[in-house]
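Chain residues, written in single-letter form:
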Amino acid sequence: MLEYVFILPLLSFAVAGVILAFGKWLPGRGASAGIAVAAWGFAQAAILFTKAIQGKLALPYEVSIPWFSVGSTQATLGVYVDGLTIAMLVVVTAVSLLVQIYSIGYMRGDPRFKRYYAYLSLFTASMLGLTISDNMLVFFMCWELVGVCSYLLIGFWFEKPSAAYAGKKAFITTKLGDLGFLVGLLSLFYCTGTFRISEILELAHIGFIPPAAAGAAAILLFLGAVGKSAQFPLLIWLPDAMEGPSPVSALIHAATMVAAGVYMVARLYAVYALSPVALDTVAWTGAITALTAASMALVCFDLKRVLAFSTVSQLGYMMLGLGAGGFTAGMFHLTTHAYFKALLFLAAGSVIHAVHTNDMREMGGLKNKMPVTYITFLLGALALVGIPPFAGFFSKDAVLAAALARNPYLYAVGAVAAAMTAFYMARALVMTFHGEPKDMKKYDHAHESPPVMTGPLILLAAASVVSGWALSRHEIFERLVNFEGVLPFELHHVSHGAVALYAGTVAVLSMGLGAWLYKSKPGIPAMLRGKFAPVAGLLDRRYGLDAFFLKFVALGDRLSSVLFIFDLNFLDAIAIDGWAWLTEKLSRIQRWFDDNVVDAAVDATGTVTLCAGRLARLAQTGIVQNYLLFIAVAVSVFAALAFAG
Amino acid sequence: MSLLSLIVFAPLAGALLILAIPNTRTKAIQGVAAASSAVCMIFSGYLYYAFDKSTAAMQFIEKVSWIPAFNISYHLGVDGLSVTIVALTALLTLVSIIYSFNITLRVKEFFFWFLLLEVGMLGVFVSLDLFLFYVFWELTLVPMYFLIGVWGGPQKEYAAIKFFVYTLFGSLVMLLGILALYFNSAPHTFDMLELARQSSLFPLNFQIWVFLALYLGFAIKIPAFPFHTWLPLAHVEAPTGVSVLLAGILLKMGIYGLLRVSFPVLPLAAKWFMPFFIVIAVINIIYGALVAMAQKDLKKMVAYSSINHMGYCMLGMAAMTTIGFNGAVLQMVTHGLITGSLFLLVGVIYDRAHTRDIDAFGGLGARFPIFAGLMTIQVMASLGLPGLAGFVSEFLCFLGAFEAWPYYVAASAIGILVTAAFFLRMIEKVFLGPFNEKWAGLPDMNLRELVAIVPLAVLTLVIGLWPRFCLDLIDPTITYLVGIVNR
Amino acid sequence: MTLSHYLALSGVLFTIGLFGVLTRRNIIGILMSIELLLNAANINFVAFNRFLYPGQHLGQLSVIFVITLAAAEVVVGLALVMAIYKNLKSAYVEDYNILKG
């Protein structure tokens with residue numbers, strides 16, 4: 001059973017290539033192949049899960065083959081399976097399968113249908129590879145690959161400039177976090193001398209890694225998670241990522257890829273647990289993210305973006321849970337959240353498919369037209385808000401309890417965010433499905449989605465309703481996913497019952513308030529919005545985070561053009577061409593010297609000779625008598641001298 | 001005649017044959033050029049296959065005394081350091097020749113110079129005698145001068161003369177270094193292996209001076225900041241096929257020279273120089289990336305990104321560790337493949353649209369799926385996407401350098417971000433968004449272009465997924481080399 | 001009559017001849033003056049022979065040789081004069097300056 005886990009990503013990978021190459025001839029233009037593989041993968045994961053909770057598997061399971069080696073360092077390709085892996089596998093395969101089924105309806109008639117399925121399969125392959133990898137190097141590779149798939153799928157409708165821009169933004173923002181991940185990975189390697197997760201965990205357990213080094217590496221790695229899981233302050237990319245098709249948002253930007261950061265922290269939890277600073281960083285980042293994102297969702301009118309902010313906020317909860325020492329709580333929330341948030345996105349997709357707008361102000365009253373979508377959305381919303389006994393109630397309660405056990409302030413932040421969650425979900429629900437239709441043309445056009453889309457909705461709704469209860473029964477999930485190491489701090493004792501009671505009450509009250517306000521007194525929110533316009537504006541502008549990073553980008557651009565000017569006009573023009581210019585000038589001077597001094601001297605000898613010749617020429621009259629006279633005179637003189645001497 | 005000589009001189013035979021063909025018979029000239037470089041490629045492939053992966057020693061050695069009076073010999077050989085690059089050279093030349101079938105101006109001379117260039121490049125990588133090395137080194141210069149100067153773009157004369165004079169300046173200083181080595185060895189020798197054996201006899205001061213002299217020659221070729229300014233100009237002005245070789249092979253001669261000559265022969269100086277070298281590497285990475293971001297011209301962007309990528313090579317070398325050296329050598333190969341194909345792809349679009357201005361395009365992705373797909377793959381490889389070749393080599397460079405220079409490595413990671421930023425921006429502007437109807441009539445890639453580019457893309461993928469394809473050959477030599485350098 | 005008288009005569013004759021050679025403008029005159037020079041030399045020959053070597057005839061022989069030579073010289077000289085005259089249409093030596101530097 002476990003021996004075949006490695007096939008899961010390979011098969012998905014292969015099928016991506018097959019769809020791209022032969023999709024034209026496959027039934028359903030390749031969708032069938034993708035769905036078949038995803039179904040098989042889900043079946044495998046389900047079997048693994050069942051066996052694991054029955055205790056029939058020898059966990060952790062590990063196997064690897066050498067990939068390449070340099071010097072004494074070896075990189076491997078391998079599989080590491082423990083309870084955490086299996087929990088994640090189930091989430092990934094289940095959501096992937098349902099999303100692929102749903103997409104048949106959603107993407108029908110798209111000119112790049114085949115490519116869409118290939119990308120989905122490639123994403124699933126990378127995500128599965130990330131989940132089961134036995135070493136951090138391959139983990140990192142898959143981490144980057146899911147990022148690229150996300151890039152390709154966000155920008156799937158790339159003719160729309162906003163989609164192309166959003167894809168790029170997502171890629172670069174997450175890449176910013178990945179720089180931290182890369183450096184963290186490198187430093188972790190130099191703490192431990194290995195990439196293998198089992199060895200790293202082992203070394204962390206026995207305290208081989210110095211806590212300071214572990215903390216530094218952990219925080220650096222966490223930067224990667226901040227990018228990937230859209231934590232504060234890198235959360236800016238996720239709302240824009242909603243430019244992609246809705247099923248993609250459900251799969252990548254709600255259930256799986258964005259949870260990869262959480263999964264990574266959980267995967268290396270033993271390293272994090274060595275350093276209270278690292279854990280606190282995780283917890284507080286999560287808490288701040290949960291609060292800020294929830295507050296942004298309060299004023300947003302784009303249905304998918306409300307859900308996106310909600311996702312960011314819930315990811316913050318997961319981080320909060322992990323950072324507060326609630327390992328199981330964080331992962332539990334990841335699991336339940338995957339179902340109900342995927343459900344919400346798919347339901348939202350169904351709505352958008354029907355009315356062709358994302359703007360909630362143009363919707364309203366759709367519950368009559370789209371009953372299945374409405375019911376499932378309602379169930380998902382209840383699960384998200386944390387109304388007992390839906391899934392979110394159990395997991396969020398666990399997270400909040402963990403936060404309270406660690407630090408009351410963390411808990412307070414989480415509780416406020418929970419109240420906001422209930423409010424904005426009530427708002428979204430009411431604006432979309434209740435009340436009077438705002439845009440009659442769109443309302444008339446709306447219709448319930450085909451069964452191929454509602455089917456997955458119903459299945460996910462079922463999971464959203466029961467998964468919390470089912471998994472917490474007999475502590476099934478806790479036995480599967482738990483942390484056996486020692487936390488670096490003491491936890492307070494908290495009463496789960498009290499927390500649950502409080503959380504449930506707050507959720508019900510807040511949701512009720514929201515529903516009442518938006519249903520019966522729609523004037524009040526509008527009035528409040530008018531009155532607190534600066535606050536609403538700040539929330540709309542996402543606390544200026546976008547502007548902040550854009551300023552960064554602008555700075556980079558300015559720097560780049562300044563450097564280019566420097567390169568062109570200084571380094572090249574002055575330093576190099578300047579040399580050439582100087583050399584040329586110097587050679588001109590040399591030439592002048594050559595012409596006017598050296599050559600002139602040579603010429604001068606000639607001139608002197610010439611002048612002398614001219615002088616001597618005067619004697620040559622050509623008249624023979626003159627010559628004779630000279631001879632005569634000379635002879636006379638010599639003769640006189642001879643006689644005198 | 002043995003294998004290495006065959007590899008080096010097969011293109012020469014082709015070049016001489018081309019001289020005998022009349023000007024007008026273009027097809028025959030192209031055929032002979034492709035055939036002789038294909039022969040060279042086949043021999044190199046066999047060399048790659050027959051190479052013994054278990055030893056660090058020189059293989060396929062040929063040694064014939066050439067000028068006995070000065071102890072100069074015709075001494076060839078390959079080890080893990082050079083074998084991959086020899087194969088890369090043969091491959092890139094072959095695909096560039098195939099790509100260059102679209103050249104119509106003075107075809108005969110073009111291919112003559114092209115093949116002569118191949119002789120020079122191959123010779124540099126297989127010669128073990130410094131004198132021979134220098135001869136081949138200079139032999140690359142003249143064909144390149146003509147290839148840029150005759151078949152280049154609008155500023156070709158300026159680019160050609162700049163390239164020629166700049167690199168000639170560097171190599172003359174390098175020659176001084178070589179002569180210094182010759183006269184200080186006992187007995188006087190140009191033999192690289194013999195000089196490496198004598199390295200412990202050279203005092204530090206002497207090593208530093210010689211190292212700097214050699215470094216100047218190599219740094220101009222790499223090109224290391226601040227000696228890089230010839231590169232964008234030469235790359236942009238050169239015809240596509242020549243840009244490929246310029247980026248793919250000629251830049252590697254600098255790195256190769258450092259690894260083959262400077263490090264083993266002058267280990268003390270190399271160690272002395274590393275604190276400077278790492279700074280230069282980081283500057284190359286960040287500066288190259290940032291300047292590339294400012295480019296509006298596709299080809300210039302790729303050219304500046306080469307500076308950035310050579311920075312990774314230098315980063316790996318600065319570590320003086322097995323991992324880093326492996327990364328640097330692999331990076332030479334992967335950069336050759338990736339940037340080579342990027343230049344070809346830029347050539348493809350330029351041949352059609354007659355512009356390389358990034359802002360002039362838009363939405364090409366929908367109409368030219370093959371071109372967009374290949375371009376995206378190679379751009380992703382260039383920005384270090386896992387699963388493609390660039391990632392493995394860059395990661396090894398980072399990993400190798402991190403132990404010795406953690407903060408520099410952390411700083412140079414910014415280069416990755418900037419690279420991603422400008423490449424994605426380029427993709428967004430050229431391939432995404434609404435289609436620019438101006439380019440509606442352009443055809444997608446033709447067979448000639450596919451034959452040239454697809455092999456490179458396939459190799460990019462192969463090395464990315466299975467780096468042992470190269471690393472198994474490289475590693476033993478590098479392990480041995482690191483042993484020598486750190487002795 | 002002593003040797004000195006002869007020598008004086010010869011000197012005067014030579015001086016007259018030399019003067020003529022140097023000052024005459026007409027080429028014919030110069031040729032005639034050259035004859036005077038030669039004859040001054042002849043007188044010397046004869047005088048020295050008579051007074052220094054009375055029994056011998058070497059001087060006389062030389063004189064005859066010189067006379068023969070003078071005759072030949074006049075022949076060649078006049079031929080040259082004729083040739084020059086034909087070219088330059090002048091018998092005056094100041095026109096004969098093609099050797100002028």
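Refer to the preceding data block for the structure.
As a starting point, this report considers the structure included with it. (Residues numbered from 1 in each chain as written. Chains lettered and ligands numbered in written order. Predicted model: local features only at pLDDT ≥ 70, side-chain atom pairs only at ≥ 80, totals over all residues. Heavy atoms only, no water.)

**Section: the layout of surface pockets**
Part 1: In this model, the second largest pocket occupies a volume close to 740 Å³.
Part 2: Contributing to the lining of the second largest pocket are 24 residues, with A:Ile172, A:Phe549, A:Phe552, A:Val553 and B:Leu417 lying nearest its centre.
Part 3: Broken down by secondary-structure element, the contributors of at least two residues to the lining of the second largest pocket are α6 (161–192) and α26 (545–617) of chain A together with α12 (267–293) and α18 (406–431) of chain B.
Part 4: At eight residues, the largest contribution of residues to the lining of the second largest pocket is made by α26(A).
Part 5: For the lining of the second largest pocket, a count of residues per class yields 18 nonpolar, two polar and four charged. (1 Å grid on protein atoms, 1.4 Å probe; cavity = no way out; pocket = protein on both sides within 12 Å on 5 of 7 lines; lining within 4 Å. Points joined across faces, edges and corners; volume = space filled by probe spheres on them. Helix = DSSP H or I, 4+ residues; strand = E, 2+ residues; numbered from the N terminus. Nonpolar A, V, L, I, M, F, W, Y, C, P; charged D, E, K, R; others polar.)

**Notes on the pairing of strand β1 (residues 59–67) of chain B**
All names here are of chain B.
Part 1: Bridge count for β1 against strand β2 (residues 72–78) is six bridges, and the pairing is antiparallel. Each bridged residue has a counterpart across the sheet, and for Glu-62 the counterpart in β2 is Leu-76.
Part 2: Hairpin connection from β1 to β2: four residues lie between these consecutive antiparallel strands, with Asn-71 at a positive phi of about 60°. (Pairing = 2+ DSSP bridges.)

**Some thoughts on the packing of helix α8 (residues 211–228) of chain A against helix α13 (residues 276–298) of chain A**
All names here are of chain A.
Part 1: α13 packs onto α8 with a crossing angle of 20° between their chain directions and a minimal axis gap of 8 Å. In this view, α8 runs roughly parallel relative to α13, as classed from their interaxial angle. Between α8 and α13 lies a crossing whose hand is right-handed. Residues Gly-215, Ala-218, Ile-219, Phe-222 and Val-226 of α8 lie in contact with α13, whose contacting residues are Val-277, Ala-278, Thr-281, Val-282 and Thr-285.
Part 2: Grouping the constituent residues of the contact of α8 with α13 by class yields seven nonpolar, three polar and no charged. (Axes fitted to C-alpha atoms, helices over the stretch in contact; angles between N-to-C directions. Parallel < 35°, antiparallel > 145°, perpendicular 65-115°, else oblique. Left-handed = near helix turned anticlockwise from the far one by under 90°. Contact = heavy atoms within 4.5 Å.)

**Quick word on helix α3 (residues 83–106) of chain A**
Part 1: The end-to-end C-alpha distance of α3(A) is 34 Å, a good match for the 34 Å that 24 residues give at a rise of 1.5 Å each.
Part 2: Where burial is concerned, most of α3(A) is hidden: 22 out of the 24 residues are buried. (Expected span 1.5 Å × (residues − 1). Buried < 20%, exposed > 50% of the residue type's maximum accessible area, 1.4 Å probe, protein only.)

**A look at a nonpolar patch on the surface**
Part 1: Taken together, the side chains of A:Phe13, B:Val454, B:Val458, B:Leu461, B:Val462, B:Leu465, B:Trp466 and B:Phe469 define a hydrophobic patch exposed on the protein surface, amounting to about 660 Å² of accessible area.
Part 2: Considering every element that reaches the nonpolar patch, the biggest residue donor is helix α19 (residues 447–465) of chain B, with five residues.
Part 3: Mapped onto the secondary structure, B:Val458 falls in helix α19.
Part 4: Judged by its relative accessible area of 45%, B:Val458 falls in the partly exposed class. (Patch = residues over 30% accessible without salt bridge, like charges linked within 9 Å, V, L, I, M, F, W, Y side chains within 5 Å. Areas by Shrake-Rupley, 256 points an atom, 1.4 Å probe, with all protein chains shown as cover. Salt bridge = Lys/Arg side-chain N within 4 Å of Asp/Glu carboxyl O.)

**Topic: the interface of chain A and chain B**
Part 1: Contacts between the two partners involve 49 residues from chain A and, on the opposite side, 58 residues from chain B.
Part 2: The interface formed by chain A and chain B holds four salt bridges in total.
Part 3: The partner of A:Asp557 in a salt bridge is B:Arg425, and the shortest N-O contact between them spans 2.9 Å.
Part 4: Joining chain A to chain B, the criterion identifies 15 residue pairs in polar contact (both at pLDDT 80 or more).
Part 5: Per-element accounting of the side of chain A that touches chain B gives the leading share, 16 residues, to α6(A).
Part 6: Across the side of chain A that touches chain B, the residue classes tally to 32 nonpolar, seven polar and 10 charged. (Polar contact = N/O pair within 3.5 Å; in protein donor to acceptor, adjacent residues only side chain to side chain.)

**Some details on empty space enclosed by the protein**
Part 1: Applying the stated criterion across every chain, the model contains nine cavities of 30 Å³ or more.
Part 2: There is about 130 Å³ of room inside the largest cavity.
Part 3: Around the largest cavity, the lining comprises 13 residues; the ones closest to its centre are A:Phe140, A:Lys175, A:Leu182, B:Gly384 and B:Ile416.
Part 4: When residues of the lining of the largest cavity are traced back to their parent elements, those giving at least two are α5 (136–154) and α6 of chain A together with α17 (389–402) of chain B.
Part 5: Grouping the amino acids of the lining of the largest cavity by side-chain chemistry returns eight nonpolar, one polar and four charged.
Part 6: Looking at the second largest cavity, its volume works out to about 90 Å³.
Part 7: Forming the boundary of the second largest cavity are 13 residues, of which A:Val385, A:Lys396, A:Leu400, A:Ala418 and A:Ala503 lie nearest the centre.

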